[in-house]
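Residue-level listing of the chains:
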Amino acid sequence: MKKLTIATRGSKLALWQSNHIKSLIETNFPEVSVELKIIITSGDKILDVPLAKIGGKGLFLKEIEESMLRGEAQMAVHSLKDVPTVMPEGLLLSAITTREDVRDAMLSEKYPDISSLPQGAVVGTSSLRRRMQLALQRPDLVIKDLRGNVDTRIRKLKEGEFDAIILAAAGINRLGLRDAVTYFYPIPLDEMLPAMGQGALGIETVNEPWVLEIARFLDDENSRIETSIERGFVDTLQGGCQVPIGVSARVGEDGKVVVRSTLGMPDASETMGDEIVVSRDQTAGVGEAMAKRLISQGAMELLQRAEAMANGAAQ
């Protein structure tokens, strides 16, 4: 029997995701036994500094990838939105799973949605993208940084530190936590565009044929189309989580793909975006083309100012 080792963070969500993939592999490849190897990453250790200040979400991958390159694991399961667009030499983004809900969600003990938040309400988020889009809708809100795992963030909400917090709906759904708070409001895409790849799991592997065969089984074609557009858009803009970028590509039942984007200053003092519709068989290079169109309108300069503002705020 072949043994496959999945390197994973130790948070509840990371373990849920890795165990989910473990179960799928063992069910469909009975000749393979799967074990999890828990790794504590830099992103898990540094909880008192905003992510944008310390290098972004790649900090959740560094030690996991090093473990794989040392031969201690053959696979890692990530929230795709945390995976940088450039992979380390020797490792591949071998599969993208069927997407969960791609939306962000507002959680609150008192208020059912964003419009019902009172003047000056305190909202918690660690994301510059969410901060920008909240400020665009409700410039009166007080937006404070929120770090920690899902349980920690919900505890802070319940203890009254925040009137509401914003998290990815997918993580709440996967952990079965919708009833952990009084109000769970999936934010419509018209109000808030997600991060690239949000709602999908990215399967990172070593470049070994037997591992790639397993990964191919986990790949979802629509998710691959959507997230390739989104990642192409962000990669062309050279943007990580140090700048506010939202992007959504959605494959419809009619064969059309709707692509929408937004970017700007963290305080929403300047924003820009785009929307295009293409057919499902004409998606190659669409994300890159949208990014280049925005670059021609000054997007790179805007994002440079956005990064400077974010770094200044994080001092």
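Everything here concerns the structure above.
The structure presented is a predicted model; accordingly, all values stated were derived computationally and were not measured.

Conventions adopted
- Residues numbered from 1 in each chain as written.
- Predicted model: local features only at pLDDT ≥ 70, side-chain atom pairs only at ≥ 80, totals over all residues.
- Heavy atoms only, no water.
- Helix = DSSP H or I, 4+ residues; strand = E, 2+ residues; numbered from the N terminus.
- Buried < 20%, exposed > 50% of the residue type's maximum accessible area, 1.4 Å probe, protein only.
- Polar contact = N/O pair within 3.5 Å; in protein donor to acceptor, adjacent residues only side chain to side chain.
- Core = buried A, V, L, I, M, F, W, Y, C linked by side-chain atoms within 4.5 Å.
- Contact = heavy atoms within 4.5 Å.
- Pairing = 2+ DSSP bridges.
- Axes fitted to C-alpha atoms, helices over the stretch in contact; angles between N-to-C directions.
- Parallel < 35°, antiparallel > 145°, perpendicular 65-115°, else oblique.
- Nonpolar A, V, L, I, M, F, W, Y, C, P; charged D, E, K, R; others polar.

A. Just the side chain of Gln17, in detail. Relative to the elements of secondary structure, Gln17 occurs in helix α1 (residues 12–28). For Gln17, a relative accessible area of 3% puts it in the buried group. Side-chain polar atoms of Gln17 contact the side chain of Ser79, separated by 3.1 Å.

B. A look at the environment of Gln282. As for its position among the elements, Gln282 is in the loop between β13 (271–279) and α10 (286–295). For Gln282 and Leu294, which are 12 residues apart along the polypeptide, the C-alpha to C-alpha distance reads 20 Å.

C. The arrangement of the nonpolar core in detail. Among the nonpolar cores identified, the biggest contains 27 residues, and Ile229, Phe233, Leu237, Ile245, Val257, Val259 and Leu263 are the most heavily contacted of them. Going through the elements one at a time, α9 (221–236), β11 (245–251), β12 (256–264), β13, α10 and α11 (299–313) are the ones with two or more residues in this core. For this core, the element with the highest residue contribution is α11, accounting for five residues. Val257 has contacts with Ile229, Ala249, Arg250, Val251, Ile276, Val277, Val278, Ser279, Arg280 and Thr283, leaving out every residue within four places of it along the chain. Judged by nonpolar contacts, the second largest core, of 24 residues, contains Ile39, Ala76, Val206 and Leu218.

D. Structural view of the sheet that holds strand β8 (residues 164–168). Ordered in space as β7-β6-β8-β5-β9, the five strands form an open sheet in which the pairing is mixed. Each edge of the open sheet is held by one strand with a lone partner, namely β7 (142–144) and β9 (183–186). On average, adjacent strands in this sheet sit at an angle of 25° to one another, irrespective of strand direction. Taken together, the four bridges between strand β5 (residues 104–108) and β8 define a ladder with antiparallel strand orientation. The partner of Asp104 across the bridge, within β8, is Ala168. The sheet strands contacting helix α6 (residues 150–158) are β5 and β8, and the helix crosses β8 at an angle near 160°.

E. Quick peek at helix α4 (residues 62–69). Of the residues making up α4, those classed as buried are Glu63, Ile64, Glu65, Ser67 and Met68. Once α4 ends, the next one or two residues include Gly71, with phi positive near 85°.

F. Up close: the pairing of β8. For β8, a buried count of five out of five residues is recorded, marking the element as mostly surrounded by other parts of the structure. Judged by which residues are buried, β8 turns out to be covered on both faces: Ala164, Ile166 and Ala168 on one side and Ile165 and Leu167 on the other are all buried. Pairing of strand β6 (residues 122–124) with β8 involves two bridges; the strand directions are parallel. Its bridge partner lying in β8, Val123 is registered against Ala164.

G. A look at the packing of α1 against helix α8 (residues 209–218). Close contact between α1 and α8 brings their axes to 11 Å; oriented N to C, the two are set at 110°. When the axes of α1 and α8 are compared, the pair comes out roughly perpendicular. Contacts between α1 and α8 pair Ile21, Leu24, Ile25 and Asn28 from the former with Ile214, Phe217 and Leu218 from the latter. Its residues assigned to classes, the contact of α1 with α8 shows six nonpolar, one polar and no charged.

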